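# Descriptive structure summary
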Amino acid sequence: MRHLLSTRDLLRDDAIALLDIAEDMSEVQNREVKKLPTLRGKTVVNLFFEDSTRTRTSFEVAAKRLSADVINFSAKGSSVSKGESLKDTAQTLAAMGADGVVIRHSASGAPQVLAQSGWIDAGVVNAGDGTHEHPTQALLDAFTMRRRIHGDAARGRDLEGVSVMIVGDVLHSRVARSNLWLLETLGAHVTFVAPATLVPVGASTWPVDIRYDLDAALAEVRPDVVMMLRIQQERMNAAFFPTTREYARQWGLDDERLLALRPDSIVMHPGPMNRGLEISSRAADSAQSTVIEQVANGVSIRMAVLYSLLSGDREARS
Amino acid sequence: MARIVLQNSDIARALTRISHEVLESNRGPHDLVILGIPTRGVVLAERIGAQIRQIEPGAPADLVGSLDVTMYRDDLAHHPTRAPQRTRVPSGGIDGKTVVLIDDVLYSGRTIRAALDAIGDLGRPRAVRLAVLVDRGHRELPIRADFVGKNLPSSTDERINVRLAEIDGSEEVSIDLATGAGA
Amino acid sequence: MTTTLIRGATLPDGTTTDLLVADGRIAERGTAIATPSGARVLDAAGLVALPGLVDLHTHLREPGFEQSETVLSGTRAAAAGGFTAVFAMANTMPVSDTAGVVEQVQALGESAGYATVRPIGAVTVGLAGARLSEIGAMANSRAAVRVFSDDGKCVHDSLLMRRALEYVKTFDGVVAQHAQDPRLTENAQMNEGALSSELGLKGWPAVAEESIIARDVLLAEHVGARLHICHVSTAGSVDVVRWAKARGIEVTAEVTPHHLLLTEDLIRSYDARYKVNPPLRRDEDVRALREGLVDGTIDIVATDHAPHPEEAKDCEWDHAAFGMVGLESALSVVQAALVDTGLLGWSDVARVLSQTPAEIGRLAGHSHSFEIGSSANIVLVDPASSSAFSTDRLAGKSHNSPYLGMTLPGSVRHTLHRGYQTVNDGVVVDAGEVAAAAMGVARG
């Protein structure tokens, strides 16, 4: 693999290989010495044009556990915010000898532009671009589901027959998109539940069932996984729904809806959560919730991705 | 043309001898851990473990594990990305134990160097020993095997093929002129 | 003045003829015209002769954005593409909303000489959409402005649009509307649909264009005014215009070459060369636009030539500028989309790229049907050639063409503007030579 830009073009076998490598990486996380020498001498740049302490930290830990050198290059307080172009930034990083670039950007497609540009010959990992994709989040979500469902026998398995319900602001969610493509590839069945204002135009042509009524959808589908999406602050005043109170009542995972779930259903959230809005505290902290596991699994997945992109002969990978 | 240097029965005899030698040098099965290096080293480790339990019924049931060294190799950048394999340490861990590493062929010694580093990250054994089915020479590091099935002087343009029933469906060690890169 | 004999050209109607050009006019037409002494002879065997192309929608960028294009470089691009007249859009800096600016643009065009430059006046002061600009002053200036447009921005206030339509009637002018509802397209990046949702680019719904066209044709009907719709891009827009024409409303419409050939699927690359306003649409829109042009619903092809410097495109999609250069490639694209597909013949091409745009823009005495005495604005095209479109074909300042690397048919061999050559054997004639020839015509 040369770059990881999206889950849409990720083949099933490549996805499963990444999940399996992440299993190995997660075992390393349980050892006393949590570090591997694999990427010694490699330089990974975290190029964050958008604030995200959680994702940046996760990539940083992953790179460091593989013994790579990590440089954090964030927009705040750097030349990037002073109007330096992506091109100049990329060429600067290339001159510094970056082997891998982990990029978070508010513009959809920026990682692909960087990967295709010829400005830099580094492996590019999309750490979230606009409302396009967030592939490592989808991979860690799939990893989390696979572990909960298959336990120690997870290696080599896909998610055939697993029913996943993704609830909330699908329109603006790169997490929902990346999850949909990956889950579809892995054989899962996906349902989006959202008010019609937050369903992307044309999503009816995607491999997904679209529902508006959360209670009816939960009762009929009885999903294995319920994934709640974050409602961004800036959406709250943009007429996508009348009030947060109404949203929480219609589409929030509250205590009643939590109790109505199958006891073996799992509850996921990519974080950070708005407790009391899209998810109640009881749901977030229940035994069914995987919120904390998702964070731990994020490091394993990102180690697997960095290993796949940056170890090995670059010629052979391209 | 491949030339067969060890047949089925030769391999069996070699492994039986190694099993005895391991027990002898360890003065019994206590605090012993057998770690095979994937892929064929794991098969050999399981066979040796089974023989040791046969010879010494008191040997611990969870004696054999596997040790993947992919993440510790020094030649990662010279090959396409390798898929790592499973590492599994017996439940008793390796601290204070005698770890016997098992591999099929000992050549440059670089795999064993990687294995020693990997072991170092897993714990602190009392001692680490090395058993191999074939030692073909051409060491590039100061490493030697403690237990050897067969010493097989070879030239670097020859290729040693180890076939084991569990993986390859047949059982033999042969030698031929290398067609591609060596093992 | 030079006399030029064009030998053996194929006219749009399919007949073959010699054309003698003297004193800036077509002096003689027929077979086997004797070569006058000192005449320059152009061998036009196998070449199609068209009246000089007229672009009703060009951005020349001067004054104000000379790093992208100037009147000189933009008209060089026009000549290279076979155009002999261009209408220069008003979104310059300062905006072309006063007699002074439009006269300046017109004068720059005259001294450059590559093509006749007709400035378009802004409908509203500073394109701000608040107050009418001095339309009368521009109409009565030396530039004799007849087309008024806030292109780049939509005249979205209904009352202001009504007043503009009424007021330009006074001067036999026309409002060319850039139909884009601003609220429905805030920060929009590409055609809204399944693909924009997948790519995470903010959608630009077809209805944002169609609803403005629907409103404006009804306003034009109500006040009895002429209306021109810039760059129609959706199947729904074609339906609305077709309905309006059937009702007898005086509306004309244009389509760009790129909307006749390219679709939104190209945007999967996030290559900002494909970023344009209005955005590239779906395959069914392209088909509807071609049909609309064939059945006369759409009157003309106009380039919306929109040059941008490299840095405006060599970046993230969201940050890139809208627009493509189009003058140099327009005829090849029209040939690929419409002629080679059997939808239009060369006489239709002459109509949609020369005669009708000249009529809409009230550009008298420029286009023709090769009658003797016509102003010698002529382009000779080799329709049999085919080549990968490269920067060699671009004669303006900017290289933001979506066709680079694409194989396109046809090439412009010779362009004659008012009788003198601006392109000779596929090469744009030197600026000094063209300027001298233009001055000669002006004196003569």
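Residues numbered from 1 in each chain as written. Chains lettered and ligands numbered in written order. Predicted model: local features only at pLDDT ≥ 70, side-chain atom pairs only at ≥ 80, totals over all residues.

### What to know about the overall build of chain B
The criterion, for reference: Elements are defined by DSSP. Helices are runs of H or I of four residues or more, strands are runs of E of two residues or more, and each kind is numbered from the N terminus. Partly exposed residues are those falling between the two cut-offs: more than 12 but fewer than 20 other C-beta atoms within 10 Å of their own, whereas 20 or more means buried and 12 or fewer means exposed, with C-beta atoms placed from the backbone. The contact criterion used is a C-beta to C-beta distance within 7 Å, with each C-beta placed from the backbone.
For chain B, the count of helices and strands is four helices and eight strands. When the helices and strands of chain B are placed in sequence order, the string is β-α-β-α-β-β-α-β-β-β-α-β. Taking the principal axes of its C-alpha atoms as reference, chain B extends roughly 45 × 40 × 30 Å. When the 183 residues of chain B are sorted by exposure, 39% land in the buried category. For chain B, the proportion of contacts with a sequence separation of at least 24, taken over those separated by at least 6, is 69%.

### Description of the pairing of strand 2 (residues 69-74) of chain A
All names here are of chain A. So the rule is basically this: Strand pairing follows a simple DSSP-based rule, namely that at least 2 bridges must link the two strands. Here is how to tell: hold the view so the strands point away, follow the path from the first strand over the helix to the second, and if it runs clockwise the crossover is right-handed.
Pairing of strand 1 (residues 43-48) with strand 2 involves six bridges; the strand directions are parallel. What sits directly across from N46, in strand 2, is N72. Handedness of the crossover joining strand 1 and strand 2 through helix 2 (residues 53-65) is recorded here as right-handed.

### Some thoughts on the sheet that holds strand 7 (residues 209-211) of chain A
Residues and elements named next belong to chain A. Put simply, the rule is: Note on geometry: axes are C-alpha line fits, over the in-contact stretch for helices, and angles between N-to-C directions span 0 to 180 degrees.
Across the sheet, five strands lie side by side as 7-6-5-8-9; this open sheet has parallel pairing. Of all the strands in the sheet, just strand 7 and strand 9 (266-268) have a single pairing partner and so form its edges. Within the sheet, the average angular offset between the axes of one strand and its neighbour, ignoring direction, is 20°. Bridge count for strand 6 (residues 189-193) against strand 7 is three bridges, and the pairing is parallel. Pairing of V193 across the sheet is with R211, part of strand 7.

### Here's the deal with the interface of chain A and chain B
Cut-off, in case you're wondering: For this classification, Asp, Glu, Lys and Arg are treated as charged, while Ala, Val, Leu, Ile, Met, Phe, Trp, Tyr, Cys and Pro are nonpolar and the rest, including Gly, are polar.
At the junction of the two partners, chain A supplies 15 residues and chain B supplies 14 residues. Contributing elements (two or more residues each) for the side of chain A that touches chain B: helix 1 (12-29) and helix 12 (314-317) of chain A. If one sorts the elements of the side of chain A that touches chain B by residue count, helix 1 of chain A sits on top with four residues. Here the side of chain A that touches chain B is built from residues that sort into six nonpolar, four polar and five charged.

### Considering the sheet that holds strand 6 (residues 53-58) of chain C
Residue and element names in this part refer to chain C. If you trace the three strands from one edge of the open sheet to the other, you get 6-7-8, paired in parallel fashion. Looking along the sheet, the strands with just one partner apiece sit at the ends: strand 6 and strand 8 (116-119). In this sheet, neighbouring strand axes are inclined to one another by 20° on average, regardless of whether the strands run parallel or antiparallel. Judged from the four bridges that link them, strand 6 and strand 7 (residues 83-88) form a sheet pairing that is parallel. Of the residues in strand 7, the one forming a bridge with D55 is V86. Strand contacts of helix 2 (residues 99-112): strand 7 and strand 8, with the helix running at about 170° to strand 8, the strand carrying the most contacts.

### A word on the environment of A:T131
Here A:T131 shows up in the loop between strand 4 (123-129) and helix 5 (135-150). It is 7.9 Å that separates the C-alpha atoms of A:T131 and A:L171, two residues lying 40 residues apart in sequence. When sequence neighbours within four positions are dropped, the list of residues in contact with A:T131 reads A:S108, A:H172, A:S173, A:R174 and C:G200.

### Focus on the nonpolar core
Heads up, the condition is: In this description, a nonpolar core means buried residues of the types Ala, Val, Leu, Ile, Met, Phe, Trp, Tyr and Cys, linked to one another by C-beta atoms lying within 7 Å.
Judged by nonpolar contacts, the single largest core of 294 residues is most densely connected at A:V101, A:L114, A:V167 and A:L306. Contact partners of A:L114, with chain neighbours within four places excluded, come to A:L86, A:A90, A:V101, A:I103, A:W119, A:I120 and A:V124.

### Notes on the domain arrangement of chain A
Residues and elements named next belong to chain A. Note the threshold: Segmentation of the chain into domains, including their bounds, is taken from an automatic or database domain assignment.
As assigned here, chain A comprises domain 1 (12-134 + 296-317) and domain 2 (135-290). With centres defined by C-alpha atoms, the gap from domain 1 to domain 2 works out at 26 Å. Contact with domain 1, which involves 24 residues of that partner, is made by 25 residues of domain 2. Listed by contribution, the elements that provide at least two residues to the side of domain 1 that touches domain 2 are helix 1, strand 4 and helix 11 (291-310). It is helix 1 that contributes the most residues to the side of domain 1 that touches domain 2, eight residues altogether. Broken down by class, the residue content of the side of domain 1 that touches domain 2 amounts to nine nonpolar, eight polar and seven charged.

### Details of the environment of C:T356
Residues and elements named next belong to chain C. Among the secondary structure elements, T356 is positioned in helix 11 (residues 346-360). On the neighbour-count criterion, T356 (20 C-beta atoms within 10 Å) is buried. A C-alpha to C-alpha distance of 9.4 Å links T356 and V301, two positions 55 residues apart in sequence.

### Topic: the environment of C:A137
Residue and element names in this part refer to chain C. Mapped onto the secondary structure, A137 falls in helix 3 (residues 135-140). Since 15 C-beta atoms lie within 10 Å of it, A137 is described here as partly exposed. In contact with A137, other than residues within four places in its own chain, are T98 and A99.

### Let's talk about the interface of chain C and chain A
Listed per partner, the contact involves 17 residues of chain C and 21 residues of chain A. Counted by class, the side of chain C that touches chain A contains six nonpolar, five polar and six charged residues.

### Some words on helix 12 (residues 431-443) of chain C
Residue and element names in this part refer to chain C. Under the convention used in this document: Here the expected length of a helix is defined as 1.5 Å per residue gap, with one fewer gap than residues. Taking the helix axis as origin, the arc is that swept by the directions to the C-beta atoms.
The first and last C-alpha atoms of helix 12 sit 18 Å apart over 13 residues, in line with the 18 Å expected at 1.5 Å per residue. For helix 12, every residue scored as buried is listed here: V434, A437 and A438. Buried residues of helix 12 fall within an arc of 100° about the axis and therefore sit on the same side. Looking at helix 12, the residues exposed on the side facing more than 90 degrees away from the buried face are G432, A436 and R443.

### As for the packing of helix 1 (residues 71-80) of chain C against helix 2 of chain C
Residues and elements named next belong to chain C. Quick reminder of the rule: Here roughly perpendicular refers to angles of 65 to 115 degrees, roughly parallel to angles under 35, roughly antiparallel to angles over 145, and oblique to all remaining angles. By convention, the crossing between two helices is left-handed when the near helix turns anticlockwise from the far helix through less than a right angle, and right-handed when the turn is clockwise.
Relative orientation of the contacting elements helix 1 and helix 2 amounts to 55°, with a least axis distance of 9 Å. Between helix 1 and helix 2, the angle is such that the two are oblique. Both helix 1 and helix 2 take part in a crossing whose hand is right-handed. Every residue of helix 2 that contacts helix 1 at V71, L72 and T75 is listed here: V105, L108, G109 and A112. Across the contact of helix 1 with helix 2, the residue classes break down as five nonpolar, two polar and no charged.

### Quick notes on the packing of helix 3 (residues 86-95) of chain A against helix 4 (residues 110-117) of chain A
Two measures define how a pair of helices packs: the angle their axes make with one another and the distance between the axes. All names here are of chain A. In the contact formed by helix 3 and helix 4, the axes pass within 11 Å of each other and the chain directions differ by 55°. By the angle between their axes, helix 3 is oblique relative to helix 4. Crossing of helix 3 over helix 4 shows right-handed handedness. Seen from helix 3, the contacting residues are L86, K87 and A90; seen from helix 4, they are A110, V113, L114 and S117. Of the residues belonging to the contact of helix 3 with helix 4, the class tally is five nonpolar, one polar and one charged.

### A word on the pairing of strand 8 (residues 172-177) of chain B
All names here are of chain B. Two strands pair when backbone bridges link them, and strand 1 (residues 3-6) and strand 8 are joined in this way by three bridges, in the antiparallel orientation. Directly across from R3, in strand 8, lies its bridge partner I175. One ladder, built from six bridges, connects strand 7 (residues 158-163) with strand 8; its direction is antiparallel. Within strand 8, the position partnered with E158 by the bridge is L177.

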